[in-house]
Protein chains: 2
Amino acid sequence: MLPDQIKTAIEQLSKLPGIGPKSAERLVFYLFQRDDSHVKDLANALSNLKEGIVYCERCCNLSESTLCGVCESPGRDQNTVCIVENPMDVFVLESTGAYKGLYHVLHGAISPLDGIGPEQLTVHQLNQRFEKEEIEEIVLATNPTVTGEATAVYISRQLNPRSIRITHLAQGLPMGGQLEFADPDTLKRAIQGRREV
Amino acid sequence: MLPDQIKTAIEQLSKLPGIGPKSAERLVFYLFQRDDSHVKDLANALSNLKEGIVYCERCCNLSESTLCGVCESPGRDQNTVCIVENPMDVFVLESTGAYKGLYHVLHGAISPLDGIGPEQLTVHQLNQRFEKEEIEEIVLATNPTVTGEATAVYISRQLNPRSIRITHLAQGLPMGGQLEFADPDTLKRAIQGRREV
């Protein structure tokens, strides 16, 4: 019943995470009612998304030049490296303004079931950084999931022989949350990690 | 911190209904990790969305030719016209397979507060159809909202002088719903519209 290009657009949009066929239909009919320029702007933005973006030579984050904004900035603490899974994690950590060191983006987490080992991540580049740079502290900021924790354990074990301080983001109650709704695992971490007032 | 094209893509996606800045970020980073071809397919689908699509001369539905699929089909009941607000409504009604007549797409609902009167809708084209076609029944299928109901009332009043059967989609309990969770208005309609078993 629907014209082909509308069907194609619905199909393409429903491939995105969190957008089912119903939402895709809604979006397409919404776009249809918008100005042509609005729709073209969106299409162009997506089409140009990857244009001219490379991985930072040093930290493997997304970048427009050889070195990314963080690595290029002279004000950052050059001796601390925060290990994250994805470029988005750098973005959210930067938005806190609480971290002043460098990053290293692994581009994933170790997950043997999905065939992802250290070779598929940027662990090799991380090891090279240890040879070249004077790193004093590693902040493990992988996700608090099974694969993220496994990756953190792998990296900390690998670094153990070196005299580097290894820290891990604190785990416990999220701000604004309520004790009664916290899951047992989170509460367990909150008790184990309790701090002197 | 983010490269410009990533910022632009996030901005453009977060303009869509139901997609906030956080979801837009997620989508963009998801697309970034996909193949180039996948992203280009999506961008092309959106860019071509409106290409070659016109309004059906008869029912004002979206169409690839002068007449839409429904209007062209010889098997449809030519004497019944279902009035809907949007092309998407035609799509969902067709997916039921329960309606065999024609449609008329108003492209909106009467809403004086938003400056939308009958002149902004395809009411003029509907009146022309009454001159030319032998319409015996009008099925009002506007949304069960204030503006949708107002539009239905407007159209039925306008048609009153003619000897046309005017029906309205049944209102009552949705299938799979539970009585205890139905809102008072829906229950009221269900009681008023009760039928002999």
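From a predicted model like this one, the values you see are computed outputs, not experimental measurements.

Visitor: Give a description of the overall build of chain A that names residues and reports values.
Guide: Looking only at helices and strands, one finds eight helices and six strands in chain A. Mapped in sequence order, the helices and strands of chain A form the string α-α-α-β-β-α-β-α-β-α-β-α-β-α. At 21 Å, chain A has a C-alpha radius of gyration far larger than the 16 Å of a compact globule built from 197 residues. Its C-alpha atoms put chain A at 65 × 50 × 35 Å along the principal axes.

Visitor: Let's hear about the interface of chain A and chain B: which residues, and what values?
Guide: Contact with chain A, which involves 52 residues of that partner, is made by 52 residues of chain B. Across the interface of chain A and chain B, roughly 5000 Å² is buried in total on both sides, 74% from carbon and sulfur atoms. Counting across the chain A and chain B interface gives three salt bridges. Among the salt bridges present, the one from Glu-51 of chain A reaches Lys-40 of chain B, with a minimum N-O distance of 4.0 Å. The interface formed by chain A and chain B contains 13 residue pairs in polar contact (both at pLDDT 80 or more). Going through the elements one at a time, α1 (4-13), α2 (21-33), α3 (36-47), α4 (69-72) and α5 (87-96) of chain A are the ones with two or more residues in the side of chain A that touches chain B. Partitioning the side of chain A that touches chain B into residue classes produces 28 nonpolar, 10 polar and 14 charged.

Visitor: I'd like to hear about the relation of the copies chain A and chain B, residue by residue, with values.
Guide: Rotating chain A by 180° and moving it 0.0 Å along the rotation axis overlays it on chain B with an RMSD of 0.0 Å. Such a combination of rotation and displacement between the chain copies is what one expects of a two-fold axis. It is Ala-43 of chain A whose C-alpha, among those of chain A, lies nearest the rotation axis, at 2.3 Å. The residues that chain A uses at the interface reappear at the interface of chain B in 100% of cases, marking a shared surface.

Visitor: Help me get a handle on the pattern of salt bridges, residues and values and all.
Guide: Under the counting rule described, the total for this entry stands at 17 salt bridges over all chains. Its salt-bridge partner being Arg-58 of chain A, residue Glu-133 of chain A comes within 3.2 Å of it at the nearest N-O pair. Placement of Glu-133 of chain A in the loop between α6 (123-132) and β5 (137-140) and of Arg-58 of chain A in the loop between β1 (54-55) and β2 (62-63) is noted, with a sequence separation of 75 residues between them. You can call Glu-133 of chain A buried: its relative accessible area is 16%. When the shortest N-O distance is used, the salt bridge between Lys-22 of chain B and Glu-25 of chain B registers 3.8 Å. Taken together, the residues span about one helical turn, with Lys-22 of chain B and Glu-25 of chain B both in helix α2 (residues 21-33) at a distance of three residues.

Visitor: Please provide a residue-by-residue account of the packing of aromatic side chains, values included.
Guide: For the structure on display, the rule yields two aromatic pairs over all chains. For Lys-50 of chain A, the ring lying beneath its charged end belongs to Phe-32 of chain B, and the centroid distance is 5.8 Å.

Visitor: Break down the domain arrangement of chain A for me, with residues and values.
Guide: Once the domains are mapped, chain A shows domain 1 (4-47) and domain 2 (79-168). Distance between the C-alpha centres of domain 1 of chain A and domain 2 of chain A: 36 Å.

The rules we used
- The residue numbering used here restarts from 1 in each chain and proceeds along that chain's sequence as written.
- A letter from A marks each chain and a number from 1 marks each ligand, given out in the order of writing.
- At least 70 in pLDDT is required for a residue's local features to be given in this predicted model, at least 80 for side-chain atom pairs to be given and counted, and no such filter applies to totals for whole chains, interfaces and linings, which use all residues.
- In computing side-chain values, all of the structure's heavy atoms are included and hydrogens and water are not.
- Helix and strand assignments come from DSSP, with helices taken as H or I runs of at least 4 residues and strands as E runs of at least 2, each series counted from the N terminus.
- Here the globule rule reads 2.2 Å times residues to the power 0.38, and the radius of gyration is calculated from C-alpha atoms.
- Only heavy atoms matter for contacts: two residues are in contact if any of them lie within 4.5 Å across the pair.
- When two parts are put together, the accessible area they lose, computed with a 1.4 Å probe and summed over both, is reported as buried area.
- We define a salt bridge as a side-chain nitrogen of Lys or Arg found within 4 Å of a carboxyl oxygen belonging to Asp or Glu.
- Whenever a nitrogen or oxygen atom comes within 3.5 Å of another N or O atom, the pair is scored as a polar contact, on the condition that within protein one atom can donate a hydrogen and the other can accept it, and that pairs from neighbouring residues in sequence are kept only if both atoms are in side chains.
- The classification used treats Ala, Val, Leu, Ile, Met, Phe, Trp, Tyr, Cys and Pro as nonpolar, Asp, Glu, Lys and Arg as charged, and all other residues, Gly among them, as polar.
- A residue counts toward the fit only if its pLDDT is at least 70 in both copies, and the copies are then superposed by least squares on the C-alpha atoms of those residues.
- Exposure is judged per residue with a 1.4 Å probe applied to protein chains only, and the accessible area is read against the type maximum: over 50% gives exposed, under 20% gives buried, and values in between give partly exposed.
- Only the six-membered ring of Trp is used, alongside the rings of Phe and Tyr, when aromatic pairs are assigned; centres must lie within 6.5 Å, and planes under 30 degrees apart are stacked while those over 60 apart are edge-to-face, with the rest tilted.
- We count a charge as sitting over a ring when the NZ of a lysine or the CZ of an arginine lies within 6 Å of the ring centre and within 35 degrees of the ring normal.
- Here the bounds of each domain stem from an automatic or database domain assignment.

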